[in-house]
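So the chains spell out like this:
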Amino acid sequence: MTTLTYIEENKGKFLDELLALLRIPSVSADSKFKDDVRSAAEFIKAQFEDLGTEVEIFETEGHPIVYAEHIIDPMLPTVLVYGHYDVQPADPYELWDSPPFEPVVKDEKIFARGAADDKGQVYMHIKAYEALIKTDSLPCNVKFMIEGEEEVGSHNLSVFIKQNKEKLSADVILISDTHIISNDTPSITVGLRGLSYVEVEVTGPNRDLHSGTFGGVVGNPINTLCRMIASLQNEKGEITIPGFYDKVEVLPREYRDQMNLAPFDLESFKNDLGIDSEKGEEGYTTIERTGIRPTLDVNGIWGGYTGEGAKTVLPSKAHAKISMRLVPNQSSEEITELFTKHFKEIAPNHVKVRVRPHHGGEASVIPTDAAGYKAAAKAMKKTWGKEPIPTREGGSIPIVALFQKELSLDSILMGFGLQEDAIHSPNESYGLFNYYRGIETITHFYQFFTEIK
Ligand code: BES
Ligand code: MN
Ligand code: MN
């Protein structure tokens, strides 16, 4: 039987199994789900055991890492597949049309938390591998490293990588955890942004006060926090933190023109999001703003009274969580320092400010002349009948920069998701087309990579 026939004949089984994996609420951020995260790791381990593949669960200080390998001949090239089985919290639950951990298939899509990010995409790799094994067609060596902490910063995976360089030796890393432009327009991600993430606390008076007795005479930390945050961007949408842009790579006009040739329909973009106009840094297109420019966004802001009815209070404290997406050459640590220094400097005398850094990571760029890129492009060309377009995406996978630094390996970001999959949002979904097309394309990748190498 050919590999493609095996895939065709097992589509139902492949779907049922993915649904079973999606039923496990492996939310890494919330300790309430700790046992479920482990169950997801066990589920994946069992997949490899069923195929007779050597597999181990590596314990970490946090969630476990599943590692499997199949070496058919040390002289042949080795592909290291990376992915994550953990998911984002599903909150707010009330905004889901069906419960996040009770997957349903509707309109040719699977709806569940993790459907696209990243269980559906990581599972394509396991099924592609299964199809190759069952049809005796695996052309090269393969290693799988599937972690449970991507959504919380991959700290323990970075420890594991530093301690297991020999074990992880490979010729390329293959990852499906990104988007394609559309189901008619295949693309390969060649850039990811970095991240710097901070939490700020602004304190005014030493206790909550009556807003009548003290309003207008004591500085309100929420008002002040809002002013401070507003000042971090000017009217042009530029970030005002001194030094913020110092290391940002200035890309030549031709490169930007090339990027803007990728199909992008601003009208449907706005329609999809229910907005009347897009907004971003002046002088750049939407494609450039997500791909090559850094940003600063408030992810959450709280303080004072937010319960039912009206309570008159002048709060003692105000808080916000702020993310900055970074581009190549900016250092996450340096940007966090610049932010912290600036935020303290702009604080007026009537408040005290604390800045607490969270996890972050560096941006990455993947060269299109790498063997892995060529193999991925050929594989997509074969399944789509079209040459894929290289794109730079706005999201972050910090471990990609670490792979480059610690293992000197490029990661090929051959993802199959769509922006409309709504990852991290309520009603996350993954198309059946994308799932099956992904499985097929991955099997071709192995073939082409082995030939090119
Ligand atoms: N799969 C995403 C990254 C992604 C999203 C890449 C969209 C390209 C397009 C990943 O699971 C993720 O969510 N990463 C986090 C960063 C991490 C440090 C928590 C992100 O981008 O917010
Ligand atoms: Mn992901
Ligand atoms: Mn994610």
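Placed above this text is the structure.
Residues numbered from 1 in each chain as written. Chains lettered and ligands numbered in written order. Predicted model: local features only at pLDDT ≥ 70, side-chain atom pairs only at ≥ 80, totals over all residues. Heavy atoms only, no water.

(A) How the structure looks around the overall build of the protein chain. When you go through the protein chain residue by residue, the secondary structure sums to 13 helices and 16 strands. Computed over the C-alpha atoms, the radius of gyration of the protein chain is 23 Å, within 12% of the 22 Å expected from 2.2 N^0.38 for a compact globule of 453 residues. With the C-alpha coordinates of the protein chain rotated into their principal frame, the extents come out at 80 × 50 × 45 Å. When the 453 residues of the protein chain are sorted by exposure, 54% land in the buried category. Sequence separation of 24 or more characterises 80% of the internal contacts of the protein chain that already satisfy a separation of 6 or more. Summed over its atoms, the accessible surface of the protein chain is roughly 20600 Å², and 49% of this surface lies on carbon and sulfur atoms. Across the protein chain, the 46 positively charged side chains and the 69 negatively charged ones have centroids separated by 4 Å. (Helix = DSSP H or I, 4+ residues; strand = E, 2+ residues; numbered from the N terminus. Rg over C-alpha atoms; globule rule 2.2 N^0.38 Å. Buried < 20%, exposed > 50% of the residue type's maximum accessible area, 1.4 Å probe, protein only. Contact = heavy atoms within 4.5 Å. Areas by Shrake-Rupley, 256 points an atom, 1.4 Å probe, with all protein chains shown as cover. Lys, Arg positive; Asp, Glu negative; His and termini not counted. Charge placed at Lys NZ, Arg CZ, Asp CG, Glu CD.)

(B) Focus on the coordination of the manganese ion (ligand 3). Surrounding the manganese ion (ligand 3) are the protein donor atoms Asp-117 (OD), Glu-151 (OE), Glu-151 (OE) and His-424 (NE2), at 2.0 to 2.6 Å. Positions of the donor residues of the manganese ion (ligand 3), expressed as sequence spacing, correspond to D-x33-E-x272-H. A spacing of 3.6 Å is found between the manganese ion (ligand 3) and the manganese ion (ligand 2), which share Asp-117 as a donor. Note that Asp-117 is positioned in the loop between strand 5 (109-111) and helix 4 (119-134) and Glu-151 in the loop between strand 6 (141-147) and helix 5 (155-163), a separation of 34 residues in sequence. In this structure, Asp-117 and Glu-151 share a single accessibility class: buried. (Donors = N, O, S within 2.8 Å, 3.2 Å for Na, K, Ca; no water.)

(C) Looking closely at the environment of Val-313. By secondary structure assignment, the location of Val-313 is in the loop between strand 10 (295-303) and strand 11 (317-326). Along the backbone, Val-313 and Phe-214 are 99 residues apart, and their C-alpha atoms lie at a distance of 9.2 Å. Setting aside its immediate chain neighbours within four residues, Val-313 contacts Asp-208, Leu-209, Ser-211 and Tyr-305.

(D) Region of interest: the environment of Cys-140. With respect to the helices and strands, the residue Cys-140 is situated in the loop between helix 4 and strand 6. As a C-alpha pair, Cys-140 and Tyr-446 span 306 residues in sequence and 6.9 Å in three-dimensional space. Leaving out residues up to four positions away in the same chain, Cys-140 has contacts with Ile-72, Leu-76, Pro-77, Val-79, Tyr-446 and Thr-450.

(E) The arrangement of the site of ligand 1 in detail. Around ligand 1, the surrounding shell holds 18 residues, and the nearest of these are Glu-150, Asp-177, Arg-325, Ser-396 and His-424. The side chain of Glu-151 places a nitrogen or oxygen atom 3.1 Å from an oxygen atom of ligand 1. The contact in question runs from a nitrogen atom of ligand 1 to an N or O atom on the side chain of Asp-177, over 2.8 Å. In isolation ligand 1 offers 520 Å² of accessible surface; the protein chains occlude 91% of this area. Of the residues belonging to the shell around ligand 1, the class tally is five nonpolar, seven polar and six charged. The two domains that each donate at least three residues to the shell around ligand 1 are domain 1 (3-192 + 363-452) and domain 2 (194-248 + 294-360). (Near = heavy atom within 4 Å. Polar contact = N/O pair within 3.5 Å; in protein donor to acceptor, adjacent residues only side chain to side chain. Nonpolar A, V, L, I, M, F, W, Y, C, P; charged D, E, K, R; others polar. Domains from an automatic or database assignment.)

(F) Structural context of the packing of aromatic side chains. On inspection of all chains with the given rule, the structure shows 16 aromatic pairs. Seen from their ring centres, Phe-43 and Tyr-123 are 6.3 Å apart, and the 50° between their planes marks the pair as tilted. Of this pair, Phe-43 sits in helix 3 (residues 34-50) while Tyr-123 sits in helix 4, and the two are 80 residues apart along the sequence. Summarising the aromatic geometry, the rings of Phe-339 and Phe-343 are spaced 5.1 Å apart at their centres and angled 15° between planes, so their arrangement reads as stacked. In this pair, Phe-339 and Phe-343 both sit in helix 10 (residues 332-345), four residues apart, roughly one turn of the helix. Here the aromatic cluster, defined as three or more aromatic residues joined through ring pairs, consists of Phe-48, Tyr-129 and Phe-144. When the ring centre of Tyr-436 is taken as reference, the NZ or CZ atom of Lys-11 above it lies at 4.8 Å. Looking at Arg-437, its charged tip hangs above the ring of Trp-384, at a distance of 4.8 Å from the centre. (Phe/Tyr/Trp six-rings, centres within 6.5 Å; stacked < 30°, edge-to-face > 60°. Lys NZ or Arg CZ within 6 Å of the ring centre and 35° of its normal.)

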